[in-house]
Amino acid sequence: MKNGFSRRIQFNSPVILSFAGLSLLALILGYITGGASNAALFSVYRSSLANPLTYVRLVTHVLGHSGYEHYINNMLMILVIGPAMEEKYGSRELLRAIVITAAVSGLVQMIFFPHTALLGASGIVFMLIVLSSLAGMEEGKIPLTLILVVIFYLGGEVVAGLFSRDNISHLGHILGGASGAVIGYALERRKKPARGA
């Protein structure tokens, strides 16, 4: 088109957009199967180590959601924060961070909460929130944004986990935030050039 009006839609954040799309497909499949697909593929719970799907669910549980509201609340945060983190750290590192966070929360769920199932991307949301608060961290300094995130987000999850009786995995949120802190710290350290003696 003339006059600079040629605009194309850019697939700007492949990991985040793929994550949102796969989660939407999992949600639709959950509706179609009456929740059977969530039980089979998109939630994590203690099951036989001889079952190959046990290992798949350790990661894929973050794609499952209990309903549209659960899905959209997580995806809005992921779509707001995720692209900036993917641009900063790269698609491969962000994908690795998502898989690590999913596996950590999945393992904790299987080991310590054998009679319940966990699904949803809330842990990924909290990982991204903490990861973004570490962006631009300087050597020997703790970002004030990280302190505030720990106080408001993770502190709130600790309190909610202790005193509220709901269907929300507050521990999953805390584990997601802790994963984001460890991963973010490791990524920022890796970026710093080594200083000579």
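All of these numbers come straight from a predicted model, not from anything done at the bench. (Residues numbered from 1 in each chain as written. Predicted model: local features only at pLDDT ≥ 70, side-chain atom pairs only at ≥ 80, totals over all residues. Heavy atoms only, no water.)

Moving on, we get to the overall build of the chain. Scanning the chain from terminus to terminus reveals 8 helices and 0 strands. In the chain, the succession of α and β elements from N to C terminus is α-α-α-α-α-α-α-α. Within the chain, buried positions represent 40% of all 197 residues. Considering only intrachain contacts with a sequence separation of at least 6, the fraction spanning at least 24 residues in the chain is 73%. (Helix = DSSP H or I, 4+ residues; strand = E, 2+ residues; numbered from the N terminus. Buried < 20%, exposed > 50% of the residue type's maximum accessible area, 1.4 Å probe, protein only. Contact = heavy atoms within 4.5 Å.)

Turning next to the pattern of salt bridges. Taken as a whole and judged by the stated rule, the model has 1 salt bridge. Here arginine 96 and glutamate 93 are joined by a salt bridge, their closest N and O atoms 3.2 Å apart. Here the residue arginine 96 and the residue glutamate 93 both occupy positions in helix α5 (residues 91-112), the gap between them amounting to 3 residues, near one helical turn. With relative accessibility at 40%, the residue arginine 96 sits in the partly exposed group. (Salt bridge = Lys/Arg side-chain N within 4 Å of Asp/Glu carboxyl O.)

Take leucine 24: it is sitting in helix α1 (residues 14-32). For the pair formed by leucine 24 and tyrosine 68, sequence separation is 44 residues and the distance between their alpha carbons is 8.8 Å.

Phe19, Ile78, Leu94, Ile124, Leu128 and Leu131 are the most contacted members of the largest nonpolar core, which has 34 residues in total. Elements represented by at least two residues in this core include exactly α1, α4 (68-89), α5, α6 (122-133), α7 (144-163) and α8 (170-191). With sequence-adjacent residues up to four places away left out, isoleucine 124 is seen in contact with Phe19, Val62, Ile78, Ile98, Thr101 and Ala102. (Core = buried A, V, L, I, M, F, W, Y, C linked by side-chain atoms within 4.5 Å.)

The subject of this paragraph is the packing of α4 against α5. Close contact between α4 and α5 brings their axes to 6 Å; oriented N to C, the two are set at 120 degrees. Here α4 lies oblique to α5, going by the angle between them. Counted together, Gly82, Met85, Glu86 and Tyr89 of α4 and Ser91, Glu93 and Leu94 of α5 form the full contact between these two elements. (Axes fitted to C-alpha atoms, helices over the stretch in contact; angles between N-to-C directions. Parallel < 35°, antiparallel > 145°, perpendicular 65-115°, else oblique.)

Moving on to the packing of aromatic side chains. Per the stated rule, a full pass over the model turns up 1 aromatic pair. Where tyrosine 68 meets tyrosine 71, the ring centres are 6.4 Å apart and the plane angle is 40 degrees; that geometry is what we call tilted. Placement of the pair is tyrosine 68 and tyrosine 71 together in helix α4, with a separation of 3 residues, close to one helical turn. Given the relative accessible area of 48%, tyrosine 68 is considered partly exposed. Under the relative-accessibility criterion, tyrosine 71 is labelled buried at 8%. (Phe/Tyr/Trp six-rings, centres within 6.5 Å; stacked < 30°, edge-to-face > 60°.)

It is worth spelling out α1 at this point. An ideal rise of 1.5 Å per residue puts 27 Å on 19 residues; α1 measures up with 27 Å between its terminal C-alpha atoms. Restricting attention to buried positions, one finds in α1 the residues Val15, Ile16, Phe19, Ala20, Ser23, Ala26, Leu27 and Gly30. Looking straight down α1, one finds that the buried residues subtend no more than 135 degrees of arc, so they occupy a single side. Along α1, the residues that are exposed and aim more than 90 degrees away from the buried face are Leu25 and Ile32. (Expected span 1.5 Å × (residues − 1). Arc of directions from axis to C-beta.)

Turning next to the confidence of the model for the chain. Scored by pLDDT, the chain comes out at a mean of 86, with 83% of its residues at no less than 70. Model confidence for the chain, summarised as mean pLDDT per element, is weakest for α7 at 69 and strongest for α1 at 98. (pLDDT = per-residue confidence, 0-100.)

Let's shift gears to the side chain of arginine 57. One can find arginine 57 in helix α3 (residues 52-60). A polar contact is formed between the side chain of arginine 57 and the backbone oxygen of alanine 40, at a distance of 2.9 Å. Not counting residues up to four positions away in its chain, the partners in contact with arginine 57 are Ala39, Ala40, Leu41, Ser43, Val44, Tyr45, Ser47 and Asn51. (Polar contact = N/O pair within 3.5 Å; in protein donor to acceptor, adjacent residues only side chain to side chain.)

What follows concerns α4. Each turn of an α-helix holds 3.6 residues, which means side chains three or four residues apart point in the same direction. In a regular helix each residue adds 1.5 Å, so 22 residues correspond to 32 Å; α4 covers 30 Å between its end C-alpha atoms and thus fits that length. Of all the bends in α4, the greatest reaches close to 35 degrees and is centred on glycine 82; the proline proline 83 follows between one and four positions later. The set of residues buried in α4 consists of Tyr71, Asn74, Met75, Ile78, Ile81, Gly82, Met85, Glu86 and Tyr89. Following α4 by one or two positions, glycine 90 adopts a phi angle in the positive range, close to 95 degrees. (Bend = angle between axes of the 7 residues up to and from the residue.)

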